[in-house]
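Okay, here's what each chain looks like letter by letter:
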There are 2 protein chains.
Amino acid sequence: MKVKEHLKYASEFHLPNIAVNTVIFSFHKKRLNVLLLKFADTPHFMLPGGLVMKDEDIDDAAMRNLKDRTDLENIYLEQFYTTGKAKYNSEDIVNVFSKQLGDKMVENWLNQRFIRICYYALVDEDKLKPTTKDLFVNEHKWVDAFEHPKLLFNHNIIVEKAILKLQDDLDKKLVEIGENLMSETFTMGELQKLYEAVFQREFTRTNFQRKMLSLNILERLEKKYSGKSHKAPYLYRFKDIQ
Amino acid sequence: MKVKEHLKYASEFHLPNIAVNTVIFSFHKKRLNVLLLKFADTPHFMLPGGLVMKDEDIDDAAMRNLKDRTDLENIYLEQFYTTGKAKYNSEDIVNVFSKQLGDKMVENWLNQRFIRICYYALVDEDKLKPTTKDLFVNEHKWVDAFEHPKLLFNHNIIVEKAILKLQDDLDKKLVEIGENLMSETFTMGELQKLYEAVFQREFTRTNFQRKMLSLNILERLEKKYSGKSHKAPYLYRFKDIQ
DNA sequence: ACAAAAGTGTTCATAATACACCCATGT
DNA sequence: ACATGGGTGTATTATGAACACTTTTGT
């Protein structure tokens, strides 16, 4: 049985009771999105995650997992939280999994206790090829980070904590986050849209521009002619050396 | 053999590969201190830590550990980081432990891989009775948080991350942190000393006072006569309801 | 000419800083 | 009286928000 083999493999080479979960963010069409995975044939969604190998750093485990999932390398990753409730699997989750795995499997595997080390990642939605190596996943979707549906396990809370951390980080590490969520060059308007998507509020255009320029991290390039009937905005990129 | 029994006990009731570590802060004589434990008969110090029981939330594990260590309850605890290098035990650490435990024990126990979930705690140094239930610890000391000596494992890095988190939290959660690091009533000067200890910089007295009062979280009480030859300062305490 | 979006300037309010000044207290 | 630490006022400087005005572009 394929599932059985999979689980046996898991128990042999991986640490027990420990998982990494990743909230994968993208910035697309003015929105901050997160990647959700559909569990098997159920209508339920969850966050990508995986186990940690016995001889593997946890950061590497998160990165490997992300590579398996998105086929992207050198992704921006930030750890933000570890959750470890002794019992969090509610009735309905157990039921969902029972149907897929059989009761015995649930008892042996799902009901084992997991400590989840949580990361968030920043990716370019367009570059992502959805690879589905995972046995239990054959579908994924991007959803608005602020309107995620009810997820399996305690994943909703994890998404909310990830958003808070991202908000906190955006000011502190603007260059890194910007470079990973935006294309290499961008207009001031696009950068403002990123801020508005992350903080879920509007900024005054004129003041936002001045604020960003005063940080001295942007390099002004040529103008961008969009073919639209209005003044062409400058393109910017983040300065190389800080 | 006592050590052997101890380790057997640990492996039966606790999760393998997982530990909690706590950086215990106190504010004493104008200084931010951390509690260090001396490992057995060696001259080496380390942070308090312990294992997680199989049916125990990680937050509870940290709290239980703290209770065992300090005999204090309802302590302010904040998780801030999880570290999980696959191999971090350097030669010198292994040597230290070999002498204490014997080579075989080291191989079986110390050399096992640990994922460390890190918390910081805030306590009142004076209320702390050092209980040493731990088999390997019979001495503790408070040291300046910014001048901690070389510690076993990767604990120095953990202390530094704890300080950064505490600094970040002090502004955000001043009431909670203040209530846990200071006595119930305090003068403005004492509060300023706390800030100066945490941020390792000086603040202008007059402006600091105004800043704190403008936050509207302090309640002014009677004056405090210290017997010293100068104007008696007001006492303050944090307002109950926010 | 006009609409739409971008860039710049100016004003006003608020917050941060520096520092002068006076106040209480015990020796 | 004076040294010491505490409290308040005030002037100056940054910082932030609001908004008017000008510029550029394609239709």
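Residues numbered from 1 in each chain as written. Chains lettered and ligands numbered in written order. Predicted model: local features only at pLDDT ≥ 70, side-chain atom pairs only at ≥ 80, totals over all residues. Heavy atoms only, no water.

1. Observations concerning the relation of the copies chain A and chain B
- Once turned by 180° and shifted 0.0 Å along the axis, chain A lies on chain B with an RMSD of 0.1 Å. Taken together, these values place the two copies in the relation of a two-fold axis.
- Same-surface contact between copies: 100% of interface residues of chain A are shared with the interface of chain B. (Least-squares fit on C-alpha atoms with pLDDT ≥ 70 in both. Contact = heavy atoms within 4.5 Å.)

2. Observations concerning the protein's contact with DNA strand D
- For DNA strand D, the set of nearby residues contains 21 residues, the closest of which are Thr206 and Tyr225 of chain A together with Arg205, Thr206 and Lys231 of chain B.
- Of all DNA strand D atoms lying within 4 Å of any protein atom, the proportion belonging to sugar or phosphate reaches 49%.
- Between DNA strand D and the protein, one listed contact pairs a base nitrogen with a side-chain N or O atom of asparagine 207 of chain A at 2.9 Å.
- Between a base nitrogen of DNA strand D and a side-chain N or O atom of arginine 205 of chain B, the distance comes to 2.6 Å.
- Elements supplying a minimum of two residues to the surface near DNA strand D: helix H8 (205-214) of chain A together with helix H8 (205-214) of chain B.
- With 4 residues, the top contributor of residues to the surface near DNA strand D is H8 of chain B.
- In the surface near DNA strand D, the residues fall into 4 nonpolar, 10 polar and 7 charged. (Near = heavy atom within 4 Å. Polar contact = N/O pair within 3.5 Å; in protein donor to acceptor, adjacent residues only side chain to side chain. Helix = DSSP H or I, 4+ residues; strand = E, 2+ residues; numbered from the N terminus. Nonpolar A, V, L, I, M, F, W, Y, C, P; charged D, E, K, R; others polar.)

3. Overview of the packing of helix H5 (residues 155-172) of chain B against helix H7 (residues 188-199) of chain B
Residues and elements named next belong to chain B.
- Relative orientation of the contacting elements H5 and H7 amounts to 150°, with a least axis distance of 9 Å. Classified by the angle between their axes, H5 and H7 sit roughly antiparallel to one another. Packed against H5, whose contacting residues are Leu166, Gln167, Leu170 and Asp171, the element H7 presents Tyr195, Val198 and Phe199 at the interface.
- Each residue belonging to the contact of H5 with H7 can be placed in one class, and the counts come to 5 nonpolar, 1 polar and 1 charged. (Axes fitted to C-alpha atoms, helices over the stretch in contact; angles between N-to-C directions. Parallel < 35°, antiparallel > 145°, perpendicular 65-115°, else oblique.)

4. Notes on the sheet that holds strand S10 (residues 234-238) of chain A
- With respect to topology, 3 strands assemble into an open sheet ordered S8-S10-S9 (chain A), the strand pairing being antiparallel. Every interior strand has two partners, whereas the edge strands, strand S8 (186-187) and strand S9 (218-223) of chain A, have only one. (Pairing = 2+ DSSP bridges.)

5. Some words on the side chain of glutamate 78 of chain B
- Secondary-structure assignment places glutamate 78 of chain B in strand S5 (residues 76-83).
- For glutamate 78 of chain B, the side chain forms a polar contact with the side chain of tyrosine 76 of chain B, separated by 2.9 Å.

6. Thoughts on the sheet that holds strand S8 (residues 186-187) of chain B
Residue and element names in this part refer to chain B.
- Across the sheet, which stays open at both edges, the 3 strands sit in the order S8-S10-S9 with antiparallel pairing between neighbours. Looking at strand neighbours, the two that pair on one side only are S8 and strand S9 (218-223), the edges of this open sheet.
- By the bridge criterion, 4 bridges tie S9 to strand S10 (residues 234-238) in an arrangement that is antiparallel. Opposite arginine 220, over in S10, you have tyrosine 236 as the bridge partner.

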